[in-house]
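Structural characterization, general
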Amino acid sequence: MKTYHVVVFGYEEFAKEVVRQVREAYLGVEVYALTEASVEEAKKEGIAAKIFDLDDNWDEFKRFNMQETLFICALDDDVSNVFLTIGLRDGLDDARLIALASTQEHASKLRLAGANKVISKLQTTADIIIEVLERPIVTYVMGEIMQEEAALKTVQIVLEAGSPLIGELLYDVSLQLQSELIVLAVVDETMQTHFVFTSKGYKHRIEVGDILVVIGYDENIEKLKRRV
Amino acid sequence: MMQEELTESERVSSSSYKQKYVGLLSRFLVDTAYFLKTSPRYKSAKNFFYNLLENNAFVYKRYFDLFMMVLIFSSVIILIREVRHEINDFWAVFNNYIISVIFLIEYLLRFWVISDSSDIVIDQYERDEHLQRRFRTGHALFKIFLAKWNYVRSPAAIIDLLAIMPFFHELRLLRLFILFRVFKIFRYTQNMQYFGYILSHKKFELLTLLTFASVVVFVASVLIYVMESNNPNSPINTLFDAFYWSIVTISTVGYGDVTPVTSEGRTVAIVVIISGIAVISFATSIVVTAFTEKLDDIRENKILADVKGLKHFYLICGYGIVARQTASKLRRSGRNVVVLDTDHQRVKEAKENQLYALQLDAASLSSYQKMGLDFEKQVNAVILLGESDIANVYTALTLRSIDHNMRILSLLHDKRNRRKLQLAGVNHIVYSQELIGLLSKEYSGRPIAFETMSMLRAEESGTAMEEIVVNERIADNFKKVDDMHIRRHRLLLIGLSKVSAEGFLFNPPPETPLEKGDIMIVAGEHSMINEFRLFTHMRLR
């Protein structure tokens, strides 16, 4: 599920930051803004930008490979954002959609509208504030392992047929690898997450297509990738 | 002539002696004042006793107040018991001497701490020095006397003094002074102080009412005495009877034991009864109005007192949408939260959300003076969630001017102001827009890893990544990581933040030694983490 193209809807306060972050990681970033002024502003920053309105026909986006493209609905106005999300879902069945919501109420509407992932601005901010104050070391660790450029990484590894880990218990795999990596969880084909430390995780037998979520240093991750 | 010269010489000599003694006294006064002012032990003792007696925010004051109230009630119980029973010598000594001595010590301590005499002397001395004139000892002594006198003549101090009276005599009448000890309760209960404070705001109205009632009682007493005393059927024979009848009637109590029998007397009664109704209605309205007007103040004072009593809390400045979310999450995790906002509606909303909320300007020093907080001991951290960066910078500077070490976190609205917040002394800056941008990027690249980490973060998922501090007990019981059998508790040890220079160790090997002050990061289910915490404290070598 490697993403090559990111399409961001909106070019306001939050959308600008989203664009700034994703353009460091992906070359194909396009902005669709509601006003001519926003389009001009984005273009000045060197970003490909076009104007759109909420009633647009989304056939134009069918030119993208949906497995390699991510659509981010980042309009500041929550009501418009919900309308945009439902419009995109209607026009592009298999598109991967991320939507930003101000509150939990809007977040649930966006989920109903078909967003694959909803990021609640308010809840995330409150979570981070509390995490920084209450668990500073956890914040540091999370920050470290979530940064792509850091030496310590969280990665997801798809286990294909022939991998020596197939058929083994998640707990045993975790024990085998514990000197080099931490196996945090496995996600099965039903997209259910089994944490290695939960009773369910202990008993989960690894199958073809499962995705391992591991934390470790680059070299150890590379070794694991070669092994599986 | 000779006689006159001698007298003159004697006068000069007497005057120089006088000057010498005054000079000595002045020097003694000034030296003592400077000695006391520079003595840390004296200052700390005086501060301690001042806080104990006068500072409601002082932790030990509530224990002291409770102790004094126990003494007061014991004293009254002994007095009541004494009316019909013999009490043994111990309780008599306890009541007349021990309690009285404690009250005397309290009275003298209050007399001491109520004003600073050394400050008065030094101030006078330095002012006289500045104006190049001799130190005016008498002036300084008079100011000291005046400061102490103001205390002595205050109603509270008079009650204190009367409460000590049984100590001086064992006369039966003086024992009644023990009842004055009951009035001392005013000193130790804040609600009673509020009551006095509220009524003191209606001093003029109450005085007017008292004057009116006194005039009515006086005129009615005289009139009823004149009308009734010569009538053999009337129970009103003396001026005291007349006065007693007037008081009973104007207060609308009307026992009926003393009643006028003449028509003139009954006419006076009608006037007094009507006046009585007016007095009672007026008095009720004054008290009700006073309480209605001051209801918000009472509530605020109650919250202030509660906040002063909190041991640890987060102070949130500004109750906007982010603050609401943050405060509610902190509350759910069992933390105390105090909210400051100038907007009445927001403060009301915070109170409705079960938070301690005060309508105070977080950017004003006077707000913190009013709150009387000990930031170091009480405040975990200050969270600045004002509507603008301008407001947050200003508040941060105000807070920094109070305490250099407190933890301050601020929300950043415009990234161009990040440096300004840092310069204002903010320790942690949270910029929502950037966070959301980062999360979007993370999700787009590694959605499953991202979701896994999010689940560890989300409180409702049942799983968490938590910090466990290695305290002395844990360090004594577990020498190395392997001793803790973390996997047996179905937890993962993500890393160890070492107190020594090694910093953060990801996935530490089993033989890594544990030291006091290290912080373990473990991931697992909430319940398992809690069980593990218990285990680390239970096992003893």
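Residues numbered from 1 in each chain as written. Chains lettered and ligands numbered in written order. Predicted model: local features only at pLDDT ≥ 70, side-chain atom pairs only at ≥ 80, totals over all residues. Heavy atoms only, no water.

Of regular secondary structure, chain A possesses 9 helices and 10 strands. Burial statistics for chain A: of 228 residues in total, 55% are counted as buried. As displayed, chain A offers around 10,200 Å² of accessible surface, 50% of which is attributable to carbon and sulfur atoms. (Helix = DSSP H or I, 4+ residues; strand = E, 2+ residues; numbered from the N terminus. Buried < 20%, exposed > 50% of the residue type's maximum accessible area, 1.4 Å probe, protein only. Areas by Shrake-Rupley, 256 points an atom, 1.4 Å probe, with all protein chains shown as cover.)

Contacts between the two partners involve 75 residues from chain A and, on the opposite side, 64 residues from chain B. Here chain A and chain B share 4 salt bridges between them. For Glu-134 of chain A, the salt bridge is made with Arg-335 of chain B, and the minimal N-O distance between the two is 2.7 Å. Per-element accounting of the side of chain A that touches chain B gives the leading share, 14 residues, to helix 5 (residues 121-134) of chain A. Of the residues that constitute the side of chain A that touches chain B, the class distribution is 44 nonpolar, 18 polar and 13 charged. (Contact = heavy atoms within 4.5 Å. Salt bridge = Lys/Arg side-chain N within 4 Å of Asp/Glu carboxyl O. Nonpolar A, V, L, I, M, F, W, Y, C, P; charged D, E, K, R; others polar.)

With 96% of its residues at a pLDDT of 70 or more, chain A shows a mean pLDDT of 85. Looking across chain A, the model is least confident in helix 6 (residues 136-146) of chain A, with a mean pLDDT of 75, and most confident in helix 2 (residues 36-44) of chain A, with 92. (pLDDT = per-residue confidence, 0-100.)

Bringing the packing of helix 1 (residues 13-25) of chain A against helix 21 (residues 432-445) of chain B into the picture now. The N-to-C vectors of helix 1 of chain A and helix 21 of chain B enclose an angle of 45 degrees; their axes lie 8 Å apart at closest approach. Taken together, the axes of helix 1 of chain A and helix 21 of chain B lie oblique to each other. The two elements helix 1 of chain A and helix 21 of chain B cross, and the hand of that crossing is right-handed. Between helix 1 of chain A and helix 21 of chain B, the residues in contact are Glu-13, Phe-14, Glu-17, Val-18, Arg-20, Gln-21, Val-22, Glu-24 and Ala-25 of chain A and Ser-432, Gln-433, Glu-434, Ile-436, Gly-437, Leu-438, Ser-440 and Lys-441 of chain B, respectively. (Axes fitted to C-alpha atoms, helices over the stretch in contact; angles between N-to-C directions. Parallel < 35°, antiparallel > 145°, perpendicular 65-115°, else oblique. Left-handed = near helix turned anticlockwise from the far one by under 90°.)

Right, let's talk about the packing of helix 12 (residues 203-228) of chain B against helix 13 (residues 239-250) of chain B for a bit. All names here are of chain B. Where helix 12 contacts helix 13, the axes come no closer than 8 Å and their chain directions differ by 135 degrees. One element, helix 12, and the other, helix 13, form an angle in the oblique class. Crossing of helix 12 over helix 13 shows right-handed handedness. Packed against helix 12, whose contacting residues are Ala-213, Val-216, Val-217, Ala-220, Ser-221, Ile-224 and Tyr-225, the element helix 13 presents Leu-239, Ala-242, Phe-243, Trp-245, Ser-246, Ile-247 and Ile-250 at the interface. For the contact of helix 12 with helix 13, the class distribution of residues is 12 nonpolar, 2 polar and no charged.

To continue, consider the environment of Thr-38 of chain B. Tracing the sequence through the fold places Thr-38 of chain B in helix 1 (residues 2-38). Within the structure, the side chain of Thr-38 of chain B is placed 2.7 Å from the backbone oxygen of Tyr-34 of chain B, a separation counted as a polar contact. (Polar contact = N/O pair within 3.5 Å; in protein donor to acceptor, adjacent residues only side chain to side chain.)

Another aspect to go through is the packing of aromatic side chains. Counted under the stated rule, the structure contains 24 aromatic pairs over all chains. Aromatic pair Phe-9 of chain A and Tyr-32 of chain A: ring centres 5.7 Å apart, planes at 35 degrees, arrangement tilted. Remark: Tyr-32 of chain A occurs in strand 2 (residues 28-33) and Phe-9 of chain A occurs in strand 1 (residues 5-9); sequence separation between them is 23 residues. Look at Phe-9 of chain A and you get buried, because its relative accessible area is 0%. Take Tyr-32 of chain A: its relative accessible area is 3%, and that puts it in the buried class. Summarising the aromatic geometry, the rings of Phe-49 of chain B and Trp-112 of chain B are spaced 6.1 Å apart at their centres and angled 55 degrees between planes, so their arrangement reads as tilted. Taken together, the positions of Phe-49 of chain B in helix 2 (residues 40-54) and Trp-112 of chain B in helix 4 (residues 89-113) put the pair 63 residues apart, joining distant regions of the chain. Classification of Trp-112 of chain B by relative accessible area gives partly exposed; the value is 23%. Taken together, the ring pairs in this structure connect Phe-9, Tyr-32, Phe-52, Phe-61, Phe-64 and Phe-71 of chain A into an aromatic cluster. Across the ring face of Phe-14 of chain A, the terminal group of Lys-121 of chain A is positioned such that the distance to the ring centre comes to 4.4 Å. Lying across the ring of Phe-111 of chain B, Lys-148 of chain B places its NZ or CZ 5.2 Å from the centre. (Phe/Tyr/Trp six-rings, centres within 6.5 Å; stacked < 30°, edge-to-face > 60°. Lys NZ or Arg CZ within 6 Å of the ring centre and 35° of its normal.)

All names here are of chain A. Bridge count for strand 2 against strand 3 (residues 48-51) is 4 bridges, and the pairing is parallel. By the bridge assignment, Glu-30 is partnered in strand 3 with Ala-48. For the crossover from strand 2 across helix 2 to strand 3, the handedness is right-handed. (Pairing = 2+ DSSP bridges. Right-handed = clockwise from strand over helix to strand, strands pointing away.)

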